[in-house]
Amino acid sequence: MAEPVQRNTNEQEQPVPVLQQILDNPFLLLFLGVVMPTVFYILWGVMEIVTIPMAN
Amino acid sequence: MSELFRTCPRSGLVFHKAAESLIKFNAVTAVVFLAVGGVLGLLVVMTRWPAVHLLSADLFYQVLTGHGIIMLLVWIIFFEMAVLYFCSSTLLRCRLATPRFAWLGYVLMLGGAAITGVAILQGGSSVMMTSYVPMPAAPHFYLGLILFAVGALIGCFVFLGTLVVAKNERTYEGSIPLVTFGALTACIIAIFTIASGAIILIPTFLWSVGYISNIDPLMYRVIWWAMGHSSQQINVAAHVSVWYAIAAIVFGARPMSERVSRGAFLLYILFLQLASAHHILVDPGVGTEWKIFNTSYAMYLAVLASMVHGLTVPGSIEVAQREKGYTNGMFEWLRKAPWGNPVFSGMFISLVGFGFLGGITGVVMGTEQINLIIHNTIYVPGHFHPTVVLGTTLAFMALCYFLVPVLFRRELFLPGLAKWQTYLFGGGTALMSLFMMGAGTLGVARRHWDMAFSGAPFSFEFGGAAYMMMGLTGIFGVISVIGGAAFVIVIVGTILLGKKIEDKSEYSTARPAVLPMAPPAPANTGTGFIAPGTFALAVVFLATFVVYYFLNWMYLSSVWPMK
Amino acid sequence: MSALLPPSERIWGNHPLDKVEGTWIAIALVWCLFMFFMMPYWHVFGKQNYAGEAYRTTPAVYSAKVEKMVEAHTVRKETALDIPVVRPPAGSDVYLAGRLWSWYPALELEKDQTYRLHISSLDWQHGFSLQPINVNAQVVPGYEMVLTITPDKSGEYTIICNEFCGALHHTMMGKIYVVDR
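Source: prediction; values computed, not measured. (Residues numbered from 1 in each chain as written. Chains lettered and ligands numbered in written order. Predicted model: local features only at pLDDT ≥ 70, side-chain atom pairs only at ≥ 80, totals over all residues.)

K.L.:
Quick one: what's the story with the overall build of chain A, residue by residue and with numbers?
P.N.:
A tally of helices and strands in chain A yields 2 helices and 0 strands. The buried share of chain A, taken over its 56 residues, is 20%. (Helix = DSSP H or I, 4+ residues; strand = E, 2+ residues; numbered from the N terminus. Buried ≥ 20, exposed ≤ 12 C-beta atoms within 10 Å, placed from the backbone.)

Right, here's the structure in full:
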C-alpha cells in the first residue's frame, strides 16, 4: 500500500484540461470510436460502391 | 449479496472471486485453442514447405481455414476477454459487473467456436477465414461465428459496466490506470469490429440458407474487412496495454507521460480501424480518395500513435532502470535488464518484432500503389505473423508467465523451458515471417497449395530463390510451432502439476481498500532527454523504416506502367 | 507500478513533455505526413497507379464481350486444351476473364503499346497475379476493373491466381505474351 503522500493542494481547484475530460469519459470515446470508422470507412465506402457505373 | 475478494500477497493484486474464475476459464480456453491452432499451423507450414508438401490440396485448404479462424479470432478473443476482466475488475479492485452475463458470453463464444469448428471439420466450409462470397460455406459456419461475436460483445459490455460500477462505488482515486485505458481502447475497437461482423455475417448466413438471393461481393469485402482487420486492431490495443503492464510489473516503470500515452490510445480509437482499407487497395472501383484516406488511417495518425508507444514503453523502462543506477552509457539499462525472465523477454521481443517486422511492413504494403506488388502474395501473412504472433501472441504469453502463477497459486512448471521459450518462439516466428516476405516479393501466392502449379495447362516456374525462401519458411515455421508447444507445456503443466503456493490469501467479504493514485514521480533530476538510449533505438527504427519504404517504391517503379 | 495505478495527480492532462517524447513526436509526425502525401504525388507523377476505373457488370454480359474479342482476334491456339491466344489491336479494349479454374483467353500484346485491360470474374473471386513482375489485383464477380497497361518489356508473362477459389485453385493459369512489333 502506498504511503500517504504530499500532493499539490491547489489541484482540486484547477480546471480539468479538455483533453483529459475527453480521455476520462469512456462513453464519449466509445461514441467517437464507433462513429469515425462507420462514417469514413463503411458509409463512404458503401457510397463508392453504389456509385460505380454500369458497363455499357 | 456479498462479494468475495482476495488479495494476492505476492503481486498485491485484488481478485474478485467471480472475475477470477472468468479470467481463468477464458485464458485457459484460449490456450487450449492456441494449442489446436498451433497443430493446424504446423500442418500448413509443412505443406507449404516444397520439399515436404505434406497434405493433399483439399485437406490443406480445410486445415488453413481452421488455422486462420482459431488463431485470428478464437484464441485471441478468448484471451482478450480475460484481459478485459483483469484490467477492469482486478486492476480497479472492483466487483465484476453482472458475472452471469459474462458467463453467458463465455458459453456463447465456446458454443459458437464449436459450431464453426464442426462446420470446418465436416469439410463443406473450406472457405478460408475470409469466406468471400459467392463461394459458399455451410450455414452453421456463419452461425457459429455470429454466436461467437455476440458472446464477445457481451464481454465488452461487462467490461464497460465494470468501469461504471468502479466509478460509482469509488473503488479508485482519480482517473483509471493507463493499462485499463488501453483495455478500454481495445474494447471500443472490439465493439465496432463485432458490429461490422454482424452487419455482414447475418445477411451472409441468411444467403447461405437461401433466404437472400444475392450478396454483393464487393460490399461483402468492404464490410467484412471492417471486422477482419479491426479484429487485429483490438490485438494491437490489447498488446500495447500488456507492454505497459509488464513494464510496470517487472521494472515498476511509470508512463513517461500519461497525456502522451493516453493521447496515442485516443488516436487508435479515432483512426486505427480505418486501416481495414488495406485489403481493398487493388479492388475494382472504390475511389482513390477513399483508399488514400482510409489506408493511411487519416494521414497515418494511428501509425504516429504506434511510434509513440514504441518509444514510451521502452523509454519508461529506461527511466526506471536509470533510477535504479544503471546509468552507464546509452544502453546499460537494457543490457542489465532481466533477459532470463520470460515475462520481460517475451514483452521485449514482442515490442521489437511488432515494430520492425509487423509495423514497417504493414505501412509499406498498405501504401496504395505499393499494394499492387504485394496484394495476396505470401508477403501478406509474412506481415501479419509478426503483428499477431510476435506482437500479440508473444505479449500474451509473457503476461501468462506472470498471471498464471498468480491466478492458480502455483509455481511455474519447467521454468528453464519458459526462459528459452520466448526466444525460440520469437526467433522462429520472426525468421519464418522474413522468409515469407521474401518469397512474396518474388510473387509466391498466399493460400496456395502448390507453387509448382502441377496440373496447370501452361507451365511457370518460380526461381530457385523462391523455393529456398519457402523451404526456410518451413524450417523456421516448425521452430516457431515447437516454441508455441513449449508455452502450452509450461502453462498446462503449471496449472495441473505446478507446485502449490501456500499463500494464505483467503476470500473475504471485506471491501478492498480504495486503489490509490500512483506515488508522484521523484523530482526531476535531469532537464530533459531522460531516455537517450531509447531515442537512439527509435532513430535506428526510423532509418530502417525510411530505407525499406523507398526500396519498395523503387521496386514498384520497375514494373509495367499502368493507370 | 504506476501504469497499473491511477495517475499520480488528479489533473495530468497538462503535464509538460520530456524532450525525448516531444522530439520523437515531431519527427514521427513529419514522416507520417510525408508518407501520406507520397500517395497523391505518385498518382500525379508516378507511372504505376490504378486510378479506380471500374464498372458494374454481370458474368453473362462480360462473358459475351470476352467471346466477341476471342472470335475477332484469335491468332492461334495453344496446349492440348486449344486455349485461344488473342492479339487485340494496339490501344484497344482487352477483356480477360477469371473463372474456375483458368484465365481466359491468353493474350498477345505489343511492347510499348497501351491497352485497356478489363478484368472480371465469371464465378467466384479470383486474384490476378502477373508473374514475374508480380502485379496483383483482386478480381470480383459483377465488377469489371479497367487497368490501362503499357507493357514495356517483351517476353512471356504468366497470370496465376492468388485468391483462393476452390480445390484446383493452384492449376489456374493464363499467359500474356509481349512481343516486339
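Back to the write-up after that little detour.
K.L.:
Tell me about the overall build of chain B, and name the residues and values.
P.N.:
Helix and strand counts for chain B stand at 16 helices and 2 strands. Here the C-alpha coordinates of chain B stretch approximately 75 × 55 × 45 Å along the principal axes. Evaluated residue by residue, chain B yields a buried proportion of 63% over its 563 residues. A separation threshold of at least 6 residues defines the contact pool for chain B, and within that pool the share at least 24 residues apart is 86%. (Contact = placed C-beta atoms within 7 Å.)

K.L.:
Before we move on, can you summarise the packing of helix H12 (residues 342-365) of chain B against helix H13 (residues 379-408) of chain B with the specific residues and values?
P.N.:
All names here are of chain B. At a minimum axis distance of 8 Å, the contact between H12 and H13 shows a crossing angle of 160 degrees. The angle between H12 and H13 falls in the class roughly antiparallel. Considering the relative orientation of H12 and H13, their crossing is left-handed. Considered class by class, the residues forming the contact of H12 with H13 number 16 nonpolar, 9 polar and no charged. (Axes fitted to C-alpha atoms, helices over the stretch in contact; angles between N-to-C directions. Parallel < 35°, antiparallel > 145°, perpendicular 65-115°, else oblique. Left-handed = near helix turned anticlockwise from the far one by under 90°. Nonpolar A, V, L, I, M, F, W, Y, C, P; charged D, E, K, R; others polar.)

K.L.:
Now, about the environment of A:Val46: what can you tell me, with residues and values included?
P.N.:
Considering the arrangement of structural elements, one finds A:Val46 in helix H2 (residues 26-50). According to the C-beta neighbour criterion, A:Val46 is partly exposed, with 16 such atoms within 10 Å. As for A:Val46 and A:Asp24, which are separated by 22 residues in sequence, their C-alpha atoms are 33 Å apart. In contact with A:Val46, other than residues within four places in its own chain, are B:Met219 and B:Val222.

K.L.:
Break down the sheet that holds strand E4 (residues 93-99) of chain C for me, with residues and values.
P.N.:
Residue and element names in this part refer to chain C. One open sheet holds the 5 strands; their spatial order is E1-E10-E7-E4-E5, and the pairing between them is mixed. Edge positions in the open sheet fall to strand E1 (54-56) and strand E5 (102-104), since each of these has one partner strand only. Geometrically, the sheet is characterised by an average inter-axis angle of 25 degrees between neighbouring strands, direction not taken into account. Alignment of strand E7 (residues 115-121) against strand E10 (residues 143-149), held across 5 bridges, turns out to be antiparallel. Note that in E10 the partner of Arg-116 across the bridge is Thr-148. (Pairing = 2+ DSSP bridges.)

K.L.:
Report on the interface of chain A and chain B, specifying residues and quantitative values.
P.N.:
Listed by partner, the interface residues are 24 residues for chain A and 34 residues for chain B. Broken down by secondary-structure element, the contributors of at least two residues to the side of chain A that touches chain B are helix H1 (18-23) and H2 of chain A. By residue number, the principal contributor to the side of chain A that touches chain B is H2(A), which donates 16 residues. Partitioned by chemical class, the residues of the side of chain A that touches chain B number 19 nonpolar, 2 polar and 3 charged.

K.L.:
Hey, could you go over the pairing of strand E6 (residues 106-110) of chain C for me, with residue numbers and the actual values?
P.N.:
All names here are of chain C. Pairing of strand E3 (residues 83-86) with E6, which is carried by 2 bridges, proceeds in the parallel orientation. Its bridge partner lying in E6, Val-85 is registered against Ala-106. Pairing analysis gives 4 bridges linking E6 to strand E12 (residues 173-179), with the strands arranged parallel. From the neighbouring strand, Glu-108 faces E12, where its bridge partner is Tyr-177.

K.L.:
Give a detailed account of the environment of C:Trp12, specifying residues and quantitative values.
P.N.:
Tracing the backbone through its elements, the reader meets C:Trp12 in the segment before helix H1 (19-45). The contact partners of C:Trp12, leaving out residues within four places of it in the chain, are A:Gln20, B:Glu258, B:Arg259 and C:Pro7.

K.L.:
How would you explain helix H7 (residues 230-251) of chain B if you had to name every residue and give the values?
P.N.:
Residues and elements named next belong to chain B. Along its 22 residues, H7 runs 31 Å from first to last C-alpha, staying within 8% of the 32 Å computed at 1.5 Å per residue. A large share of H7 lies buried, amounting to 22 of its 22 residues. Among the residues trailing H7, Gly-252 stands out with phi positive, at a value near 65 degrees. (Expected span 1.5 Å × (residues − 1).)

K.L.:
With reference to specific residues and values, describe the sheet that holds E3(C).
P.N.:
Residue and element names in this part refer to chain C. Spatial ordering of the open sheet is given by E2-E3-E6-E12-E11-E8-E9, a layout of 7 strands whose pairing is mixed. This sheet does not close on itself; its edge strands, each paired only once, are strand E2 (74-78) and strand E9 (135-139). The average undirected angle you get between the axes of adjacent strands in this sheet is 20 degrees. Pairing of E2 with E3, which is carried by 4 bridges, proceeds in the antiparallel orientation. Each residue of the ladder has a partner; that of Lys-77, found in E3, is Pro-84. Strands E2 and E3 of the sheet are contacted by helix H2 (residues 59-73), whose axis makes an angle of about 75 degrees with E3.

K.L.:
So what's going on with the packing of H13(B) against helix H14 (residues 415-441) of chain B? Residues and values would help.
P.N.:
Helix-helix packing is characterised by the crossing angle of the two axes and by the distance between the axes. Residues and elements named next belong to chain B. For the pair H13 and H14, the least separation of the axes is 7 Å and the interaxial angle reads 170 degrees. Of the possible angle classes, the one that applies to H13 and H14 is roughly antiparallel. A class-by-class count of the residues in the contact of H13 with H14 yields 16 nonpolar, 9 polar and no charged.

K.L.:
Outline the nonpolar core, listing residues and values.
P.N.:
Core analysis: the largest hydrophobic core is formed by 276 residues, its most contacted members being B:Ile246 and B:Ala247. Looking at this core, you find at least three residues from each of domain 1 (15-49) and domain 2 (54-179) of chain C. (Core = buried A, V, L, I, M, F, W, Y, C linked by C-beta atoms within 7 Å. Domains from an automatic or database assignment.)

K.L.:
For the interface of chain C and chain B, give the residues involved together with the corresponding values.
P.N.:
Many analyses report the size of an interface as the accessible area lost when the parts associate. Taken together, the contacts link 79 residues of chain C with 96 residues of chain B. For the side of chain C that touches chain B, the secondary-structure elements that each account for two or more residues are H1, strand E8 (126-131), E9, E10, strand E11 (155-161) and E12 of chain C. Here the side of chain C that touches chain B is composed, by residue class, of 44 nonpolar, 26 polar and 9 charged.

K.L.:
Help me get a handle on unusual backbone geometry, residues and values and all.
P.N.:
Phi is mostly negative for residues that are not glycine, and the peptide bonds are mostly trans. Put simply, C:Leu100 and C:Trp101 share a cis peptide bond, and its omega is -10 degrees. Relative to the assigned elements, C:Trp101 resides in the loop between E4 and E5. With omega at 5 degrees, the peptide bond leading from C:Gln131 into C:Pro132 counts as cis. Examined against the element boundaries, C:Pro132 turns out to sit in the loop between E8 and E9. With a phi angle near 40 degrees, B:Thr98 is a residue other than glycine that sits in the positive phi range. Tracing the backbone through its elements, the reader meets B:Thr98 in the loop between helix H2 (57-90) and helix H3 (99-122). Owing to 17 C-beta atoms within 10 Å, B:Thr98 belongs among the partly exposed residues under this scheme. Backbone geometry at C:Thr79 places phi at a positive 65 degrees, although glycine is not the residue there. By the secondary structure assignment, C:Thr79 is in the loop between E2 and E3.

K.L.:
Let's hear about H3(B): which residues, and what values?
P.N.:
Residue and element names in this part refer to chain B. Taking 1.5 Å of rise per residue, the 24 residues of H3 would be expected to cover 34 Å, and the 34 Å separating its terminal C-alpha atoms lies within 8% of that figure. Turning to H3, its buried residues number three or more, namely Pro-99, Ala-102, Gly-105, Tyr-106, Leu-108, Met-109, Gly-112, Ala-113, Thr-116, Ala-119 and Ile-120. Elements in contact with the buried residues of H3: helix H1 (17-48), H2 and helix H4 (139-168). Of the residues one or two after H3, Gly-123 is the one with positive phi, at around 95 degrees.

K.L.:
I'd like a description of the environment of C:His126, backed by residues and values.
P.N.:
Residue and element names in this part refer to chain C. Position of His-126 among the secondary structure elements: in strand E8. Overall, His-126 belongs to the buried group, with 31 C-beta atoms counted inside 10 Å. With 70 residues separating them in the primary sequence, His-126 and Arg-56 have C-alpha atoms 17 Å apart. Setting aside anything within four residues of it in sequence, one finds His-126 in contact with Gly-98, Ser-121, Val-139, Cys-161, Glu-163 and Cys-165.

K.L.:
Any details on the confidence of the model for chain B? Residues and values, ideally.
P.N.:
When the pLDDT values of chain B are averaged, the result is 95; 99% of them are 70 or greater. Scoring of the predicted complex yields 0.96 for pTM and 0.96 for ipTM. (pLDDT = per-residue confidence, 0-100.)

K.L.:
Lay out the pairing of E2(C) in plain terms, naming residues and giving numbers.
P.N.:
With 0 of 5 residues buried, E2(C) is to be regarded as a mostly surface element. Counting the residues that bridge the hairpin from E2(C) to E3(C) gives 4 residues, and of these C:Thr79 lies at a positive phi of roughly 65 degrees.

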